[in-house]
Structure formats: C-alpha cells, structure tokens
Amino acid sequence: TMFIATNRAADVHFLLDEATNLNAGDSILQGHLDLDQIGIFGHSFGGGTSAAACAQESRIKAGLSLDGAFAYFPIPSFAQPFLILSGGDNDSYMQQYRNAYRNLYDRLAHDAYWVHLTNSAHCDFNDTAWFDSPTSTTLMRRALVQDQYIVSFFRKYLRGEDDHFLDTAP
C-alpha cells in the first residue's frame, strides 16, 4: 500500500506541472490559473494523498484531510498549514490512521488544526449525507460543520480572508 500514497502524490505533482504548462501556453487558459494559491484535500486515502503531496510539493500552500488514511507510518511532516477532520469513535480499523495523524499533528510546525467530530463514521466525511440522507438532521448538521471548517480554512490560507472561525478549533 505504500505505493498507493507515493503514486498519488506523484499524480498531484504531474497535475501541477501540467497546470503550469497550460497557464504558460494554452490558448484558452494562459494566465488564468492562480498557481500561487493551491490547496489540496481528500477523504480517506485522498486525505493521505493530501498529506503526502504537502510533504513532497512546495507549490501546495495548504492541505486538509477528511478522516484520512495513510499507506505508511509515520506520515512525513511538512511546513504548509494543515487541517485534520476526523471521527469514527467506534471504528477500530481507522484508529491506526487517527493515531498516525495525531503523530503528524504533533510534529507540524505551525497553523495545524485537529477537529474531531464525535459519534461520526468514516463515510460521514464524504458527500453521502447530501445524497443519501438529506432529511437526517444529525448527518446534515455534521456535513455543514465540515463545510464551515473547510471553507474557513482555505479562505484563510489561500485567500488571506480570516473569518476567525478556526480560532475556536479544538
């Protein structure tokens, strides 16, 4: 499984190189991509990809993991701001990953946030609630809280717009 995280980070590197090329010479996109304000986030192994890409790619300015999993431990540290949203109190399989992210969080130099959503399941960190349970007050509230954290984080670190919502993050 180590290959998965490494390969995905290489995919991100390739994508950023291609975006740079398009911004420099594409007849439609030239000069229209803001490559100085790149953020990355993902769920599960996508969260692992976010962490690996931050560790390997300086063009990424901020990263975020939604109940992330990682292919190997310890997760490499990096300098970019990073937000970890996690949960799954009763999910013993995910505990190894939460422990690994806790270890990463303790090693991040600055602008690191850890938000644990109690009584949540691993799949509560994707868009399932919007489609499968739009009438569930609990699931929709959890999804809206996640959205607030995600938007606030990226506005702060990619746009320089601090609404101070993260100031109360645990």
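Note that this is a predicted model, so its numbers are computed, not measured.

**Student:** Just to check I follow, could you spell out helix α2 (residues 45-56) for this structure?
**Tutor:** An α-helix turns once per 3.6 residues; consequently, residues spaced three or four apart project the same way. For α2, spanning 12 residues, the distance from its first C-alpha to its last is 16 Å, which sits close to the expected 16 Å at 1.5 Å a residue. Turning to α2, its buried residues number three or more, namely G46, G47, G48, T49, S50, A51, A52, A53 and C54.

**Student:** Where do I start with the sheet that holds strand β2 (residues 60-66) in this structure?
**Tutor:** Adjacent strands of a sheet pair through backbone hydrogen bonds, lying either parallel or antiparallel. One open sheet holds the four strands; their spatial order is β1-β2-β3-β4, and the pairing between them is parallel. On the outer flanks of this sheet lie β1 (38-43) and β4 (112-116), each paired with one strand and no other. Across the sheet, the mean angle separating the axes of adjacent strands is 10° when strand polarity is ignored. When β2 meets strand β3 (residues 82-86), the two strands line up parallel, connected through four bridges. Within β3, the position partnered with S65 by the bridge is I84. Relative to the sheet, helix α3 (residues 92-107) contacts β2, β3 and β4, its axis offset from that of β4 by approximately 150°.

**Student:** Mind showing me how you'd approach the nonpolar core here?
**Tutor:** Across soluble globular proteins, nonpolar side chains have a tendency to be buried as a group. Counting residues in each nonpolar core, the largest one holds 20 residues, and the members touching the most others are A51, I60, I75, F78, F82, Y101 and L104. Put simply, the parts of the chain that give this core at least two residues each are α1 (2-25), β1, α2, β3 and α3. Of all the elements, α2 adds the most residues to this core, at four residues. Other than its neighbours up to four places away in sequence, A51 contacts F70, I75, F78, F82, Y101 and L104. Counting 17 residues, the second largest nonpolar core, distinct from the first, contains L66, L83, L117 and Y157.

What counts and what doesn't
Residues numbered from 1 in each chain as written. Predicted model: local features only at pLDDT ≥ 70, side-chain atom pairs only at ≥ 80, totals over all residues. Heavy atoms only, no water. Helix = DSSP H or I, 4+ residues; strand = E, 2+ residues; numbered from the N terminus. Expected span 1.5 Å × (residues − 1). Buried < 20%, exposed > 50% of the residue type's maximum accessible area, 1.4 Å probe, protein only. Pairing = 2+ DSSP bridges. Axes fitted to C-alpha atoms, helices over the stretch in contact; angles between N-to-C directions. Contact = heavy atoms within 4.5 Å. Core = buried A, V, L, I, M, F, W, Y, C linked by side-chain atoms within 4.5 Å.

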